[in-house]
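# Topology and contacts: notes
Spelled out from the first residue to the last, the chains are:
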Amino acid sequence: MTSDRFTYDGRAGITVGGVALDQAGLGADPVRVLLQALTTGHSFRASTDPATPITVLAPFADSPDFQCQSSGSSGRAKTIRRTQASWVRSFEQTAQRFGIGPADIVAVPGTLTHSLALYGLVEALHLGARAELLFPLRPDRQWRRMHEAGVSVLYATPTQLRLMLVGDAPALPALRHVFCGGGKLDPECRADLARHAPDAQILEFYGATETSFITMADADTPEGSVGRPYPGVEMQIRDADAGGVGEIWLRSPYLFSGYATGSSADTRWDDRFLSIGEMGYLDAQGNLFLKGRKNRMVTVADHNVFPEDIEAVLIATSGRLSAAIPVPDAQRGHAIVAVIAGAADDALPARLRQACSRALGPHAAPRRVLFADPFPLLPAGKPDLVALREFALGVA
């Protein structure tokens, strides 16, 4: 495969919510609009607007491209401009490293407004695999549909996996690869996934809409790391502190071309290297450990605190979706409010404060622990940090 364009010959089957795409009633489905763009040589835009999730744009000029939107977890979503070649190079790695091709059935639980779901579908079409789009179904029904269909490859976020793995979820003996992105997979969910899909290789990747793959973690990756650089990715840690933590810069064939709409002060280019404002460090073996977004880092009692570190402890301790929200504090600079998904549990706040203090220091212990049911989520399955901050400020 050396094409710089997506390919789709129309032979691979596509199922939406368990219904074959060629059946009546799906003529206006956004999947059909996407297929129209792929088969007629047009660019397209994937949008978070539910009225126009996929829009066909102008025919290709010299460089085949397309547009998709960032998750917008901490603010307004941005429209990303990419060349098709930037994703095709990733597809080639998937085929070579994991043997994914026409014999596979690829499942995608998210909507096409989310770049991970869009990636999973377009990769399946490009490689000739059958695609199972699950998003019209409830999470528990999505898992059962994968069982019925004999799905072999799954693209999902940690949140989607937690929501699907509930109740009497059946085993998925045919599942052999789980690509998980958009957040850290907590140990409890990982163990639950391994029980339900014992033959599946769980591959966590770190990346962003602007970058595609940056690193990938597997069973040999040290605890807490997001893995080693993905093939073709060159990484640098710049302006590191005494502990080796600095800003992550990278160069690869998978990077985006720029923003079609919106902007980010944290996204900067320097001699073909790109930074999106993430902080982290590398160990001696080249494994990357993330600290968090530069723009989320706050000071609590003269300590630099990354809310992402606290969220990892909250999720591991509670087994629930969680967010660490910094709020202003006149004496300490900031204080942390923890927001936990689900019904209130009077015993949980003390456990969470103790766990955060023990793992990260007393300054990281939440001042308050709030419960949110429902828990605000974005279409991408990530916590809606803007809504959660408003909730925390309103209650705290």
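Before reading on, note that the structure itself is shown above.
What comes next concerns the included structure. (Residues numbered from 1 in each chain as written. Predicted model: local features only at pLDDT ≥ 70, side-chain atom pairs only at ≥ 80, totals over all residues. Heavy atoms only, no water.)

## Quick word on the pattern of salt bridges
The tally for this structure, following the rule as stated, stands at 21 salt bridges. Note that Glu92 is salt-bridged to Arg89, the shortest N-O span being 3.4 Å. In this pair, Glu92 and Arg89 are both assigned in helix H2 (residues 84-98), 3 residues apart and thus about one turn of the helix distant. Arg89 gets classed as partly exposed once you look at its relative accessible area, which sits at 25%. Among the ionic pairs, Arg238 bridges to Asp270, the shortest N-O distance being 2.7 Å. Placement of Arg238 in strand S14 (residues 234-238) and of Asp270 in strand S17 (residues 268-270) is noted, with a sequence separation of 32 residues between them. A single network of salt bridges, built from pairs that share partners, joins Arg130, Glu132, Arg141, Arg145 and Glu148. (Salt bridge = Lys/Arg side-chain N within 4 Å of Asp/Glu carboxyl O. Helix = DSSP H or I, 4+ residues; strand = E, 2+ residues; numbered from the N terminus. Buried < 20%, exposed > 50% of the residue type's maximum accessible area, 1.4 Å probe, protein only.)

## Let's talk about the packing of aromatic side chains
For any pair of aromatic rings, the description consists of the separation of the ring centres together with the inter-plane angle of the planes. Enumeration according to the criterion identifies 18 aromatic pairs in this entry. Here the aromatic rings of Phe6 and Phe91 are separated by 5.9 Å at their centres, their planes lie at 35°, and the arrangement is tilted. Taken together, the residues Phe6 in the segment before strand S1 (14-16) and Phe91 in helix H2 connect sequence positions 85 residues apart. What makes Phe91 buried here is its relative accessible area of 0%. With a centroid separation of 5.6 Å and an interplanar angle of 90°, the aromatic rings of Tyr119 and Phe213 are classed as edge-to-face. A residue pair is termed long-range when its members are at least 10 positions apart, and Tyr119 in helix H3 (residues 115-127) and Phe213 in strand S12 (residues 212-217) qualify at 94 residues. Using a relative accessible area of 3% as the deciding quantity, one classes Phe213 as buried. Directly above the ring of Trp249 sits Arg238, whose terminal nitrogen or CZ lies 4.4 Å from the centroid. The ring centre of Phe273 lies 5.4 Å from the NZ or CZ of Arg238, which sits over that ring. (Phe/Tyr/Trp six-rings, centres within 6.5 Å; stacked < 30°, edge-to-face > 60°. Lys NZ or Arg CZ within 6 Å of the ring centre and 35° of its normal.)

## Some thoughts on the sheet that holds strand S24 (residues 333-341)
Taken together, the 3 strands give an open sheet; going across it, the order is S23-S24-S25, and neighbouring strands pair in mixed fashion. Looking at the sheet topology across the chains shown, the edges are occupied by strand S23 (322-329) and strand S25 (368-372). Strand after strand, the sheet turns through a mean of 30° between neighbouring axes, direction not considered. Note: S23 against S24, 8 bridges, orientation antiparallel. Looking across to S24, one finds that Ser322 is bridged to Ile340. Each of S24 and S25 is contacted by helix H8 (residues 348-360), which is oriented at about 125° to S25, the strand it contacts most. (Pairing = 2+ DSSP bridges. Axes fitted to C-alpha atoms, helices over the stretch in contact; angles between N-to-C directions. Contact = heavy atoms within 4.5 Å.)

## Re the sheet that holds strand S10 (residues 177-180)
One open sheet holds the 9 strands; their spatial order is S2-S1-S8-S7-S9-S10-S11-S12-S13, and the pairing between them is mixed. Of all strands in the sheet, those with a lone pairing partner are strand S2 (19-20) and strand S13 (228-229), marking the two edges. Where S1 and strand S8 (residues 130-133) come together, 3 bridges link them in parallel fashion. If you follow Thr15 over to S8, its bridge partner there is Glu132. Contacts from helix H4 (residues 139-149) reach S1, strand S7 (105-108), S8 and strand S9 (153-156) within the one sheet, and its direction differs from that of S8 by about 155°.

## Comments concerning the state of the cysteines
Tallying each qualifying case throughout the model produces 0 disulfides. The cysteine Cys68 is free of any disulfide, with Cys180 supplying the nearest cysteine sulfur at 19 Å. Unpaired in terms of disulfides, Cys180 finds its nearest cysteine sulfur in Cys189, a separation of 7.3 Å. According to the relative accessible area criterion, Cys180 is buried, its value standing at 0%. (Disulfide = S-S within 2.5 Å.)

## Here's the deal with the pairing of strand S19 (residues 278-282)
Two elements, strand S15 (residues 246-251) and S19, share 2 bridges in a ladder whose sense is antiparallel. Note on S19: the bridge partner recorded for Glu247 is Met279. Of the pairings in the sheet, the one linking S19 to strand S20 (residues 288-293) comprises 5 bridges and is antiparallel in character. The residue of S20 that forms the bridge with Leu282 is Leu288. The hairpin formed by S19 and S20 contains 5 residues between the paired strands, and Gly286 there has a positive phi angle of roughly 85°.

## A few points about unusual backbone geometry
In this structure, the amide linkage connecting Asp373 to the following residue, Pro374, adopts the cis form with an omega of 10°. Structurally, the position occupied by Pro374 is in the loop between S25 and helix H9 (385-395). Located in the positive-phi region is Asp239, a residue other than glycine, with phi close to 55°. Here Asp239 shows up in the loop between S14 and S15. By relative accessible area, which is 75% here, Asp239 ends up exposed. Phi is positive for Arg272, close to 70°, though the residue is something other than glycine. Mapped onto the fold, Arg272 is located in the loop between S17 and strand S18 (273-275).

Purely geometric stuff here, so don't read any function into it on its own.
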